[in-house]
Amino acid sequence: MVTGHIPLENTRFILNGTGVAGLFGGEEAIASIASGHVFEGRKWFGWYNSPGSYIMGMRFSQLARSAIPSISLSEGELAQTDLASLFEYHGQKGPKFRVVHSGITFQETGHLAALFMKECMELHAIPIRGRETQPVSITIANLDHVPRHEEFPTLQRSCAPFYASLPILVSVGTCAACGCYDDWFSFSVILFGIIVNGISCLVIGSGTFRFKHPEPAPGSPPGDGILGCDEGVVLLKGQEGAVNAVARGRFSLLFEWKDAWRSVRLIRMCSILLVIQAIAQLILVPQSSPFGQLMFVVSVAVSWLCNLWLWSTDKEKIQRDLLMKILGRPRLTKFILGTRTSMVVFVLLALDVDDPEDLINFFLPFNTRIWQMWKVAVIGRLRNHEKLTFDASDWDEPSLLEGERQLLETLFKDSQQAYEGFEQYRERIFPRSKMQ
């Protein structure tokens, strides 16, 4: 056993809870800095002592590691970073997508397709009269606007920068108060926090949202396609460039400096400064006076409340709004049908394809005799652009059993009700130019 004086027994250094502010509130602080790409002018309002510096430093380090050089003919070499590293969107997977005219099927799509699908799912649906087993929704998306190959979405106007003025005033005020009372430990920590958070906002805020999608080949046919999930389908109608924007587009964060790796070094510098800030808080705040510690807590608390307000905003909804703006605010019309059979007929009518056989087999791959008889009758009428009206002569087949005859009659009636609903809302489904 060691005897004698206990090491550091006469020191005034005391570790207390105020010094670990860098370990809390990190997610809210990240949301605050990330909002600089969404709320106009927000990057200039980061000069306050924010909590969560250690967590921010770690996230910035991830952002720097995700950087990929991107060549631009007009700007030279740029740095493209993974937006998920900052916004904590881990690449949502979109639903299955089928190209109508080529028959190509993608088993899954990307983040923007998932956002668009969710936007459609939240629309008010027009019910189509008919039998109901398991309702399925159909959203008709007329994509009349073709986005450019590369776009930088316009930032939204918001009052967020003005709310950020409050923590700035509080942080500067508490820092000045500590200086007036000669509490240089708290003064230094608060001032350093103001500077580091402000620089971080400017560096990250200098990046811009970039939207990009593959350019279609010249002379490509219409890109009409079907996004599908268990709850319903979305019909994307328009040129291939417009449909690609939904099915294959993506958001990224681009730093437009001539030297791509200069931006990476600046992000890493911010990451190091944020970690140093967390260490400085842990060491210096316990050595300050009770008044200095109170001022530090007040500055951090007010900053955290501002960050919390920004963190509470629906970041996914913001991205959906940006996507809809890029697409030119397309006309979305949603219907709900009672059965999958009626849904398939409604889809075929809305797409107005010359040969519906592939699509009808894609949605309903059943091969029994009843289904084959129904498919032959429906496909024949669609190919000849005839009305989908049926009577007893269509299902009164002597070779059928009574149960089979009833099933066939039910399928035909589902098809006719889908056709009647389509005719009722034809003007809302097709643009006027196509109807003329």
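Residues numbered from 1 in each chain as written. Predicted model: local features only at pLDDT ≥ 70, side-chain atom pairs only at ≥ 80, totals over all residues. Heavy atoms only, no water.

Visitor: It is not clear to me how the overall build of the protein chain should be interpreted in this structure. Could you clarify?
Guide: If you tally the helices and strands in the protein chain, you get 18 helices and 12 strands. Here the protein chain, with 436 residues, has 50% of them falling under the buried criterion. The long-range fraction of contacts in the protein chain, counting pairs at least 24 apart against all pairs at least 6 apart in sequence, stands at 78%. (Helix = DSSP H or I, 4+ residues; strand = E, 2+ residues; numbered from the N terminus. Buried < 20%, exposed > 50% of the residue type's maximum accessible area, 1.4 Å probe, protein only. Contact = heavy atoms within 4.5 Å.)

Visitor: Looking at this structure, how should I read the confidence of the model for the protein chain?
Guide: Detailed reading of predicted coordinates is not advised where the pLDDT is low. Overall, the predicted model of the protein chain reaches an average pLDDT of 81, with 81% of residues at or above 70. Within the model, the stretch residues 4-9 combines pLDDT values under 50 with 0 contacts to residues more than four positions away or in other chains. Throughout residues 71-79 the model reports pLDDT below 50, and contacts reaching past four residues in sequence, or to other chains, amount to 25 contacts. (pLDDT = per-residue confidence, 0-100.)

Visitor: Explanation requested: the side chain of Asn 49 in the structure shown.
Guide: Looking at the element boundaries, Asn 49 is found in the loop between α1 (26-34) and α2 (53-65). Since its relative accessible area comes to 0%, Asn 49 is described here as buried.

Visitor: Please clarify how helix α10 (residues 290-311) should be interpreted in this entry.
Guide: In this model, α10 (22 residues) spans 31 Å end to end at C-alpha, consistent with the 32 Å of a helix rising 1.5 Å per residue. Listed as buried for α10 are Gly 292, Gln 293, Met 295, Phe 296, Ser 299, Val 300, Val 302, Ser 303, Cys 306, Asn 307 and Leu 310. (Expected span 1.5 Å × (residues − 1).)

Visitor: Can you help me understand the packing of helix α14 (residues 369-383) against helix α16 (residues 402-424) in this one?
Guide: The relative placement of two packed helices is expressed as an angle between their axes plus a distance between the axes. Relative to each other, α14 and α16 sit at 30 degrees, their axes nearing to 10 Å. Classified by the interaxial angle, the pair formed by α14 and α16 is roughly parallel. Between α14 and α16 lies a crossing whose hand is right-handed. Touching Ile 370, Trp 371, Met 373, Trp 374, Ala 377 and Val 378 of α14 are Glu 404, Leu 407, Leu 408, Leu 411, Phe 412 and Ser 415, all from α16. Taken together, the residues that form the contact of α14 with α16 break down as 10 nonpolar, 1 polar and 1 charged. (Axes fitted to C-alpha atoms, helices over the stretch in contact; angles between N-to-C directions. Parallel < 35°, antiparallel > 145°, perpendicular 65-115°, else oblique. Left-handed = near helix turned anticlockwise from the far one by under 90°. Nonpolar A, V, L, I, M, F, W, Y, C, P; charged D, E, K, R; others polar.)

Visitor: So what exactly am I meant to see when it comes to the environment of Arg 59 here?
Guide: Relative to the helices and strands, Arg 59 resides in helix α2. The spatial distance from the C-alpha of Arg 59 to the C-alpha of Glu 27 is 9.5 Å, given a sequence separation of 32 residues.

Visitor: Is there a simple way to explain the nonpolar core in this structure?
Guide: Considering soluble globular proteins, one finds that nonpolar side chains tend to be buried as a cluster. Judged by nonpolar contacts, the single largest core of 45 residues is most densely connected at Ile 138, Ile 226, Leu 235, Phe 335, Val 347, Phe 363 and Trp 374. Elements represented by at least two residues in this core include exactly β6 (136-143), β10 (232-238), β12 (331-337), α12 (340-351), α13 (357-363), α14 and α16. Looking at this core element by element, the count peaks at 9 residues for α12. Among the nonpolar cores identified, the runner-up in size contains 27 residues, and Ala 113, Leu 115, Cys 120 and Phe 251 belong to it. (Core = buried A, V, L, I, M, F, W, Y, C linked by side-chain atoms within 4.5 Å.)

Visitor: Looking at this structure, how should I read the pattern of salt bridges?
Guide: Throughout the structure, instances matching the rule amount to 13 salt bridges. Between Glu 402 and Arg 405 there is a salt bridge, with its nearest N and O atoms 2.9 Å apart. Residue Glu 402 and its partner Arg 405 are both found in helix α16; the two are separated by 3 residues, about one turn of the helix. Under the relative-accessibility criterion, Arg 405 is labelled buried at 17%. Salt-bridge contacts for Glu 423 lead to Arg 426; the nearest nitrogen and oxygen are separated by 2.7 Å. Through salt bridges with shared partners, a single network forms among Glu 119, Glu 122 and Arg 320. (Salt bridge = Lys/Arg side-chain N within 4 Å of Asp/Glu carboxyl O.)

Visitor: Would you explain the packing of helix α4 (residues 111-121) against helix α8 (residues 240-247) in this entry?
Guide: At a minimum axis separation of 6 Å, α4 and α8 run at an interaxial angle of 95 degrees. In terms of their interaxial angle, α4 and α8 are classed as roughly perpendicular. Residues Leu 112, Ala 113 and Phe 116 of α4 form the contact with α8, whose participating residues are Ala 245, Val 246 and Ala 247. Here the residues of the contact of α4 with α8 sort into 6 nonpolar, no polar and no charged.

Visitor: Just checking my understanding: could you explain unusual backbone geometry for this structure?
Guide: In terms of backbone geometry, most residues other than glycine have negative phi values and most peptide bonds are trans. Although it is not a glycine, Arg 329 adopts a positive phi angle of roughly 50 degrees. By secondary structure assignment, the location of Arg 329 is in the loop between α11 (315-326) and β12. The phi dihedral of Asp 352 falls on the positive side, at around 55 degrees, and the residue is not glycine. Mapped onto the fold, Asp 352 is located in the loop between α12 and α13. Classification of Asp 352 as partly exposed rests on a relative accessible area of 36%.

Visitor: Where do I start with the pairing of β10 in this structure?
Guide: On a regular strand, each side chain points to the face opposite its neighbour's, so the side chains alternate between the two faces of the sheet. Burial analysis of β10 places 7 of its 7 residues in the buried class, the great majority of the element. Side chains of β10 alternate between two faces, with Gly 232, Val 234, Leu 236 and Gly 238 and Val 233, Leu 235 and Lys 237 buried alike. Here β6 runs beside β10; their pairing, made up of 7 bridges, is parallel. Looking at the pairing, Asn 142 lines up with Lys 237 of β10. Looking at chain direction, strand β9 (residues 225-229) and β10 are connected through 5 bridges and run antiparallel. Residue Gly 225 lies in a different strand from β10, and its bridge partner there is Leu 236. (Pairing = 2+ DSSP bridges.)

Visitor: Before we go on, may I ask you to explain a nonpolar patch on the surface in this structure?
Guide: Taken together, the side chains of Trp 47, Leu 191 and Ile 195 present a nonpolar region at the surface, about 230 Å² in accessible area. Tracing the sequence through the fold places Ile 195 in helix α7 (residues 184-205). (Patch = residues over 30% accessible without salt bridge, like charges linked within 9 Å, V, L, I, M, F, W, Y side chains within 5 Å. Areas by Shrake-Rupley, 256 points an atom, 1.4 Å probe, with all protein chains shown as cover.)

Visitor: Explain the sheet that holds strand β4 (residues 105-106) here, please?
Guide: Strand pairing in a sheet takes place through backbone hydrogen bonds and is either antiparallel or parallel in direction. Reading across the sheet, the 7 strands line up as β4-β3-β9-β10-β6-β12-β5 and stay open at both edges, with mixed pairing between neighbours. Strands with a single pairing partner mark the edges of an open sheet, and in this sheet they are β4 and β5 (126-127). This element, α8, spans β3 (96-99), β6, β9 and β10 of the sheet and lies at about 145 degrees to β10.

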